[in-house]
Amino acid sequence: ERFEMLVGPLVSCLECCKNPEIDYDTLVPSLVYCLGQLAVTTNNQLLWKPLQNQVLMQTRSEVAKIRFSALLVIQEFYNQLGELFLPMLPES
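Cut-offs applied
- The residue numbering used here restarts from 1 in each chain and proceeds along that chain's sequence as written.
- Per-residue local features of the predicted model are confined to residues with pLDDT of at least 70, and side-chain atom pairs are confined, for both listing and counting, to 80 or more; whole-chain, interface and lining totals are unaffected and use all residues.
- Side-chain metrics in this entry use all non-hydrogen atoms of the structure; hydrogen atoms and water are not considered.
- Numbering goes from the N terminus for both helices and strands, where a helix is a DSSP run of H or I of at least four residues and a strand is a run of E of at least two.
- Think of it in three bands: residues with accessible area under 20% of the maximum for their type are buried, residues over 50% are exposed, and the middle band is partly exposed, with areas taken using a 1.4 Å probe on protein chains only.
- Under this scheme, a helix contributes an axis fitted over its contacting stretch, all axes are lines through C-alpha atoms, and angles between N-to-C directions fall in the 0 to 180 degree range.
- When describing relative orientation, an angle under 35 degrees is termed roughly parallel and one over 145 degrees roughly antiparallel, while 65 to 115 degrees is termed roughly perpendicular and anything else oblique.
- Each crossing gets its handedness from the near helix: less than a right angle anticlockwise from the far helix is left-handed, clockwise is right-handed.
- In this description, contact between two residues means that some pair of their heavy atoms is separated by no more than 4.5 Å.
- Residues are grouped as follows: Ala, Val, Leu, Ile, Met, Phe, Trp, Tyr, Cys and Pro are nonpolar; Asp, Glu, Lys and Arg are charged; every other residue, Gly included, is polar.
- As used here, the term nonpolar core means buried Ala, Val, Leu, Ile, Met, Phe, Trp, Tyr and Cys residues forming a set that is joined through side-chain atoms within 4.5 Å.

**Quick look at unusual backbone geometry**
A positive phi angle, near 50°, is found at Asn 43, a position not held by glycine. Assignment of secondary structure puts Asn 43 in the loop between α2 (24-42) and α3 (45-57). Under the relative-accessibility criterion, Asn 43 is labelled exposed at 54%.

Below, the structure is given as structure tokens:
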């Protein structure tokens, strides 16, 4: 339940580059790590799927920074979860 409350707002932070008041280049590494740790702490493939889908939806953005950041998150999922994440890769 808490996981579902956090996923949407955290993934939507990838779109913060549209806000000129936020230093996006400083925010992204922390956000990527945070989303990676969120996947690790849940340790549940049923929860990883909606998380991954929301991140992959960001790759459809017209803004290149957002697309690149979403790919960094997917890479972090693999880095953090390793072989546990392999069944999710075909969907990405």
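**Re the packing of α2 against α3**
Viewed as axis vectors pointing N to C, α2 and α3 meet at an angle of 160°, and their least axial separation amounts to 9 Å. The angle between the axes of α2 and α3 places the two elements in the roughly antiparallel class. Where α2 crosses over α3, the handedness of that crossing is right-handed. Residue-level contacts link Leu 35, Ala 39 and Thr 42 of α2 to Leu 47, Trp 48 and Leu 51 of α3. Each residue belonging to the contact of α2 with α3 can be placed in one class, and the counts come to 5 nonpolar, 1 polar and no charged.

**Some thoughts on the nonpolar core**
Core analysis: the biggest nonpolar cluster contains 25 residues, and Val 11, Leu 14, Leu 35, Leu 51, Val 55, Val 73 and Phe 77 have the highest contact counts within it. Elements supplying a minimum of two residues to this core: α1 (2-12), α2, α3 and α4 (64-81). In terms of residues, this core owes the most to one element, α2, which gives 7 residues. Discounting chain neighbours no more than four positions away, the residues touching Leu 51 are Phe 3, Val 7, Val 11, Leu 35, Ala 39 and Phe 77.

That's the geometry; what it means functionally is another story.
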